[in-house]
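Report on the structure
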Amino acid sequence: MEGMDDFDTYYDEIDEDLIQAYLNGETIDPELEAFLSSYEKNYGQEYEEIPSLSLLEVGENCMLPVLTEALKVLLPLLALSFIFKLISNLWKPDAEEVGVPRSFLHLTSALFGILALHLVFSRDLVYILYCCCLVYLVLIAVHVLRRQYCGIAVSAFIVVYVLLCELYLVDETAWHRVRGAQIIMSMKVIGLAFDVASGAEEMPSMFEYLGYVLCVGTVIFGPWVSYQDYKNLLCQDRKSMNMWWIVRIARSGAVSLVCMVYSTCFLTNWLIPSSSYRWILAYRDAQSFRFSHYFVSFASETTALLCGFRGSFYKDNESRWSVSKPYHIEVPRSLVEVVTYWNLPMHYWLKTYVFKPSRIFGTFVAVILTYTASSLLHGLNFQLAAVLFSLGFYSYVEFVFRNKLSRIFNACIQAKTCPDSCGHEYTSYHPLVLLTNVCFALLAVFHLAYLGLMFDSSREQDKGYTMKHTLEKWANLDYASHWVVLGTYIFYLII
Amino acid sequence: MRELLFIILVLTAAFHFGQGKKTKLKGTKWWTLANIGQPSNDLHSNTQLYNSPSLLPLTKRQRRLVTKNPGTILALMAGARMAIEECKYQFRNRRWNCPTMDVGNGGPIFGKILQRGCRETSFIYAITSAAVTHSIARACSEGSVYTCTCDYQLKKPRGTKNWEWGGCSDNANFGHKFSRKFVDVLEKGRDFRYMMNLHNNEAGRVHVSKNMELECKCHGMSGSCTIKTCWMRLPTFRKVGLLLKDRFDGASKVVSANNGGGRKKRRRRFKFVPTNPNLKKPGRRDLVYFEQSPTFCDRDDSIGFPGTKGRECNATSIGIDGCDLMCCGRGFNSESYTVRERCSCIFQWCCHVKCETCTRTKIRHTCL
């Protein structure tokens with residue numbers, strides 16, 4: 001009992017009378033009763049490992065702050081877009097004679113764009129503005145001297161500018177922030193320059209140029225719109241603000257936010273805990289990245305719609321109103337389809353300005369050139385380049401392989417959906433064709449998980465990922481997907 | 001004498017109710033509480049955590065606190081278990097491996113080492129109060145404690161630019177305050193040990209509430225970072241345990257400073273002076289102790305430590321888990337034993353895995 005004496009001080013508060021009363025089966029005081037019942041109520045529960053985070057916890061601690069933050073950026077942007085839409089509508093001359101000068105509208109567009117840039121990037125917007133102004137000087141100079149070289153000159157300038165910024169001039173964190181806006185702008189000016197070179201467009205005046213390049217609805221998140229779209233935008237009347245328009249905007253906005261919350265909170269912290277199997281983790285990180293991309297795509301769709309762009313982001317007739325199509329990416333038919341639906345305006349841009357002109361060198365070279373252009377646009381980042389080139393090779397292999405199989409078996413198992421008039425013996429509804437396509441879809445999901453996993457939330461996301469990071473992530477999965485594709489390619493060559 | 005009577009009373013009561021389980025409903029309730037003293041029971045930890053040899057694991061004040069904040073009792077149970085697991089994990093390779101005792105009559109779970117003032121004591125105090133903070137804060141954000149509320153004020157956490165935390169920021173605060181009320185209440189007296197314990201308790205709590213983790217995600221075209229969304233979450237308890245273990249390794253041995261005219265009651269700032277004048281004064285997060293730890297080599301009944309005899313050790317390591325240090329130079333036994341394992345597994349199409357059973361010989365070293 002010696003040891004117990006020392007603990008005297010610890011338990012002198014305990015009511016011995018109370019315990020005595022309890023032991024005698026007498027009534028106890030209500031306080032203890034309440035305590036006992038609260039204890040009793042929960043006693044039956046099993047105490048297993050506490051899950052990583054509960055749904056409510058994620059909701060309260062993650063969803064709210066994350067939504068607040070995203071809205072803090074998005075709402076001003078949407079407001080600016082909407083005001084621009086109002087100005088361009090209300091002040092637009094119905095009859096030609098009482099018109100506000102067009103240049104006023106272009107100027108409003110540019111000013112609002114700069115305002116938006118300032119809201120999002122604060123001081124870092126100068127890199128965008130520099131580029132914008134310098135490109136115009138180049139464009140004027142080349143236009144006067146040799147009109148047909150406008151496109152080439154501007155592209156070369158953009159590549160040099162982007163590389164200089166990336167490697168020497170700009171702090172990597174700042175550059176990584178503005179890179180998205182820079183890509184959109186590069187696409188706009190290169191497209192415009194090629195159009196001018198081919199004579200499809202007249203040389204724009206300075207106001208027109210600034211209005212187009214800095215247009216508020218597309219300057220931050222995109223999407224890429226052609227100069228023609230921009231000109232159409234200013235020719236709309238008030239009827240364009242109809243119910244359908246409002247519904248579209250609300251839908252895009254809502255989808256965008258849902259994707260963001262899913263990507264940031266629910267997927268990584270709640271749905272799939274970090275202790276899962278590595279391939280599941282890869283799938284999780286890749287999916288989180290994809291949903292983050294959908295967020296950006298739908299946000300861009302919202303702003304673009306709000307400031308009046310209608311329906312020609314993408315000129316093929318089907319699906320004219322989307323920037324990205326999550327359904328076709330999450331449940332893909334093939335990687336070729338994923339690449340297409342990832343960013344439809346960008347896909348269209350690459351197709352028009354890179355793939356088609358370079359087709360004279362052969363399809364394979366054209367594909368390689370397209371992906372080179374794409375990675376140059378994105379800057380000289382090993383990770384992006386590695387992913388893009390892998391994707392290029394993968395989709396090429398997949399395309400030719402499935403084409404060959406399709407010919408051999410005379411079945412609809414190509415990378416792209418068969419048109420009704422394809423004339424294959426086995427159409428898409430044949431069970432074996434379905435099965436094959438499902439297998440190819442699973443293969444595509446596997447490749448996507450492998451390619452997308454390195455865009456994770458590690459420390460490097462602020463500055464851009466390093467080569468080491470990329471290779472580590474892939475080595476962790478034993479470069480499995482690369483081997484699979486290589487195997488497929490060899491198999492393709494053999495058959 | 002009082003204690004003795006009490007224990008006898010308790011034992012008879014336990015015996016009595018053990019037999020007549022079904023006769024009195026209230027009695028059964030009481031019996032579940034009496035079960036607390038048994039090992040392998042979740043509530044076990046509570047008893048020891050608060051050093052109460054009584055049947056009712058909580059003191060009057062604690063009970064009042066728990067009753068006022070419904071839902072906390074579960075968190076406390078989870079927290080206490082978490083503390084013990086973490087302590088065992090952090091010390092698994094040391095001579096003192098955080099032994100917990102199966103004391104039938106509800107003795108202190110960590111043993112009499114709590115009466116000492118050595119490093120290990122300070123760690124136990126810190127980890128238990130940290131665990132209470134952590135699990136209460138978690139319960140709070142899970143919504144299972146009704147009395148804690150959120151304020152959605154925007155606050156700027158340390159080390160972040162341009163970012164304001166708009167989420168529920170009070171959970172960690174609530175946990176901290178609750179733990180203060182709940183754990184510190186056990187410390188009585190005005191002596192040096194009391195000061196030390198309170199300081200170490202606070203150090204444990206600070207490690208939880210100041211280590212909220214900022215999680216961010218970038219959104220932008222092609223993985224760029226146009227928008228960054230962030231949120232904060234509690235650190236994992238493993239991380240808290242690691243940090244506290246670091247503090248344990250760097251804990252300072254202190255003596256009380258003469259605090260001149262400071263007569264304010266209930267002041268939480270204590271003045272410690274390190275015994276080695278070259279060291280800096282212990283901060284809020286540092287662990288302090290005033291007594292040299294025993295070697296923990298041999299059985300020591302005064303702290304209830306069984307010694308390292310029979311402990312498994314690593315023959316190849318030169319660290320503290322190596323046989324030389326672990327066994328204090330007494331040497332060690334090596335015995336080989338066989339295990340049956342699944343091996344050379346082959347995946348068979350489709351879809352099952354076929355394995356063979358191999359027997360392997362392994363060697364186990366135990367201290368003499």
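Residues numbered from 1 in each chain as written. Chains lettered and ligands numbered in written order. Predicted model: local features only at pLDDT ≥ 70, side-chain atom pairs only at ≥ 80, totals over all residues. Heavy atoms only, no water.

**Examining the overall build of chain A**
Under the convention used in this document: Strands here are runs of E lasting at least two residues and helices are runs of H or I lasting at least four, both read from the DSSP assignment and numbered beginning at the N terminus. Classification of residues uses two cut-offs on accessible area relative to the type maximum, computed with a 1.4 Å probe and protein chains only: under 20% is buried, over 50% is exposed, and between them is partly exposed. Whether two residues touch is decided by their heavy atoms; if any such pair falls within 4.5 Å, the residues are in contact.
Counting secondary structure elements, chain A contains 21 helices and zero strands. Within chain A, the fraction of its 495 residues that count as buried is 53%. A sequence separation of at least 24 residues applies to 70% of the contacts in chain A between residues at least 6 apart.

**Points about the packing of aromatic side chains**
Each aromatic ring pair is summarised here by two numbers: the centre-to-centre distance and the angle between the ring planes. Residues and elements named next belong to chain B. In plain terms, the rule: Two rings from Phe, Tyr or Trp (for Trp, the six-membered ring) form a pair when their centres sit within 6.5 Å of each other. Planes less than 30 degrees apart are called stacked, planes more than 60 degrees apart edge-to-face, and all others tilted. Counted as over-ring charges are cases with an Arg CZ or a Lys NZ within 6 Å of the ring centre that also lie within 35 degrees of the ring normal.
According to the stated counting rule, one finds 28 aromatic pairs over all chains in the structure shown. Seen from their ring centres, W96 and F296 are 6.3 Å apart, and the 40° between their planes marks the pair as tilted. Taken as a pair, W96 in the loop between α5 (72-90) and α6 (119-142) and F296 in the loop between β5 (288-289) and β6 (312-313) lie far apart in primary sequence, 200 residues in all. The exposure class assigned to W96 is buried, which follows from its relative accessible area of 3%. Residue F296 is classed as buried on the basis of its relative accessible area of 5%. Its guanidinium or amino end placed over the ring of Y89, R238 lies 3.6 Å from that ring's centre, counting from NZ or CZ. Against the face of F91 rests K245, its NZ or CZ located 5.7 Å from the ring centre.

**Some details on the state of the cysteines**
The following threshold applies: Here, a disulfide means two cysteine sulfur atoms that sit within 2.5 Å of each other.
Taken as a whole and assessed by the stated rule, the structure comprises five disulfides over all chains. Put simply, C218(B) and C225(B) are joined by a disulfide, and their sulfur atoms are 2.0 Å apart. Disulfide C218(B)-C225(B): torsion about the S-S bond near -65°, hence left-handed. Put simply, C327(B) and C367(B) are joined by a disulfide, and their sulfur atoms are 2.0 Å apart. Every disulfide takes its handedness from the sign of the S-S torsion; for C327(B) and C367(B) that torsion is -75°, giving left-handed. Of this pair, C327(B) sits in the loop between α10 (323-326) and β7 (332-348) while C367(B) sits in strand β8 (residues 352-367); the two residues are 40 residues apart in sequence, bridging distant segments of the chain. Here C307(A) stays free of any disulfide, with the sulfur of C215(A) as its closest cysteine sulfur at 4.3 Å.

**Structural notes on the layout of surface pockets**
Unfilled space is identified by rolling a water-sized probe across the atoms. Residue and element names in this part refer to chain A. For clarity, the threshold we go by: The definitions used throughout rest on a 1 Å grid laid over the protein atoms alone, on which a cavity is an enclosed set of points accommodating a 1.4 Å probe that cannot get out and a pocket is an open set flanked by protein within 12 Å on both sides along at least five of seven lines; lining residues are those having an atom within 4 Å of a point. Grid points are joined across faces, edges and corners, and a volume is the space filled by probe spheres set on the points. For this classification, Asp, Glu, Lys and Arg are treated as charged, while Ala, Val, Leu, Ile, Met, Phe, Trp, Tyr, Cys and Pro are nonpolar and the rest, including Gly, are polar.
Its boundaries defined by the atoms lining it, the second largest pocket holds a volume of some 1200 Å³. Lining the second largest pocket are 45 residues; nearest its centre among them are V336, V339, T340, H347 and Y371. Of all the secondary structure elements, the ones that give two or more residues to the lining of the second largest pocket are α13 (278-306), α15 (335-342), α16 (344-355), α17 (363-377), α18 (382-409) and α19 (431-452). For the lining of the second largest pocket, the element with the most residues is α18, which contributes eight residues. Residues belonging to the lining of the second largest pocket are distributed by class as follows: 23 nonpolar, 14 polar and eight charged.

**Regarding the nonpolar core**
The following threshold applies: The term nonpolar core refers to a set of buried residues drawn from Ala, Val, Leu, Ile, Met, Phe, Trp, Tyr and Cys, joined through side-chain atoms within 4.5 Å.
With 116 residues, the main nonpolar core has L117(A), Y209(A), I220(A) and W349(A) as its most contacted residues. Ranked by the residues each element gives to this core, the list is headed by helix α9 (residues 172-198) of chain A, at 14 residues. Ranked by size, the runner-up nonpolar core spans 40 residues in total, among them A130(B), L198(B), F248(B) and F305(B).

**A short note on the domain arrangement of chain A**
Residue and element names in this part refer to chain A. Note the following rule: Segmentation into domains, and thus their bounds, comes from an automatic or database assignment. Summed over both partners, buried area is the accessible surface (1.4 Å probe) that two parts give up on being assembled. The term salt bridge refers to a pairing of a side-chain nitrogen on Lys or Arg with a carboxyl oxygen on Asp or Glu at a separation within 4 Å.
Examined at the domain level, chain A breaks down into domain 1 (100-235) and domain 2 (375-494). On a C-alpha basis, the centres of domain 1 and domain 2 stand 33 Å from each other. In total, domain 1 and domain 2 occlude about 1100 Å² of area from one another, counting both sides; carbon and sulfur atoms represent 67% of this. Looking at the side of domain 1 facing domain 2, the largest losses of area belong to H176, R179 and I183, adding up to 37% of the total buried there. Linking domain 1 with domain 2 are zero salt bridges.

**Topic: the environment of V196(A)**
With respect to the helices and strands, the residue V196(A) is situated in helix α9. C-alpha of V196(A) to C-alpha of S122(A): the two residues are 74 residues apart in sequence and 32 Å apart in space.

**Here's the deal with a nonpolar patch on the surface**
All names here are of chain A. The criterion, for reference: Think of a patch as exposed residues, more than 30% relative accessible area, with no salt bridge, where like charges cluster within 9 Å and nonpolar side chains (Val, Leu, Ile, Met, Phe, Trp, Tyr) cluster within 5 Å. Reported accessibility uses the Shrake-Rupley method at a 1.4 Å probe radius. Residues are deemed covered only where the shown protein chains occlude them.
On the surface, I408, F409, Y479, W483, L486, I490, F491, I494 and I495 cluster together into a nonpolar patch covering about 920 Å² of accessible area. The greatest single-element share of the nonpolar patch, amounting to five residues, is contributed by helix α21 (residues 480-494). Mapped onto the elements of the fold, I495 is located in the segment after α21.

**Observations regarding the side chain of T308(B)**
Residues and elements named next belong to chain B. Along the polypeptide, T308 turns up in the loop between β5 and β6. What makes T308 buried here is its relative accessible area of 0%. Leave out the neighbours within four places in its chain, and T308 touches R95, F296, C297, M326, C327, C328, R330 and C367.

**Describing the sheet that holds β5(B)**
Strand pairing in a sheet relies on backbone hydrogen bonds, with the paired strands running either antiparallel or parallel. How we decide: Pairing between two strands requires that DSSP report at least two bridges joining them.
The mixed open sheet is built from three strands, whose spatial order is β4-β3-β5 (chain B). Looking at which strands have only one partner, the edges of the open sheet turn out to be β4 (272-274) and β5 of chain B.

**Comments concerning helix α10 (residues 206-213) of chain A**
Turn by turn, an α-helix covers 3.6 residues, leaving residues three or four places apart pointing in a common direction. Listing the buried residues of α10(A) in full gives Y209(A), L210(A), G211(A), Y212(A) and V213(A). In this structure, the buried residues of α10(A) make contact with α6 (102-121), α7 (125-145), α9 and α11 (227-233) of chain A.

**Points about the environment of T357(B)**
All names here are of chain B. Of note, T357 is situated in strand β8. Exposure remark for T357: the relative accessible area of 54% places this residue in the exposed category. In contact with T357, not counting residues within four places along its chain, are R340, E341 and C343.

**Things to note about the domain arrangement of chain B**
Residues and elements named next belong to chain B. What counts, and what does not: Definition of a polar contact: a pair of N or O atoms within 3.5 Å, with one able to donate and the other able to accept a hydrogen when the atoms are protein atoms, and with sequence-neighbouring residues admitted only if both atoms are side-chain atoms.
By the assigned domains, chain B splits into domain 1 (24-259 + 270-307) and domain 2 (311-367). On the side of domain 2, seven residues touch domain 1, which itself brings eight residues to the contact. With both sides pooled, the region where domain 1 packs onto domain 2 buries about 670 Å², and carbon together with sulfur makes up 49% of that total. Of all residues in domain 1, the largest losses of buried area upon contact with domain 2 belong to N93, R95 and C297, amounting jointly to 68% of the total for that side. Counting every contact that joins domain 1 to domain 2 gives one salt bridge. A salt bridge links D298 to R330; the shortest N-O distance between them is 3.3 Å. Run the count over domain 1 and domain 2 and you get five residue pairs in polar contact (both at pLDDT 80 or more). When grouped by side-chain class, the residues that make up the side of domain 1 that touches domain 2 number one nonpolar, three polar and four charged.

**A few points about unusual backbone geometry**
Of note, the phi angle at Y479(A) is positive, near 50°, even though the residue is not glycine. As for its placement among the helices and strands, Y479(A) is situated in the loop between α20 (467-476) and α21. At C328(B), a position not held by glycine, the phi torsion is positive, near 55°. Mapping C328(B) onto the fold places it in the loop between α10 and β7.

**Topic: the environment of L163(A)**
Residues and elements named next belong to chain A. Relative to the assigned elements, L163 resides in helix α8 (residues 150-169). As for L163 and H378, which are separated by 215 residues in sequence, their C-alpha atoms are 9.7 Å apart. Setting aside chain neighbours within four positions, we find L163 in contact with Y168 and L380.

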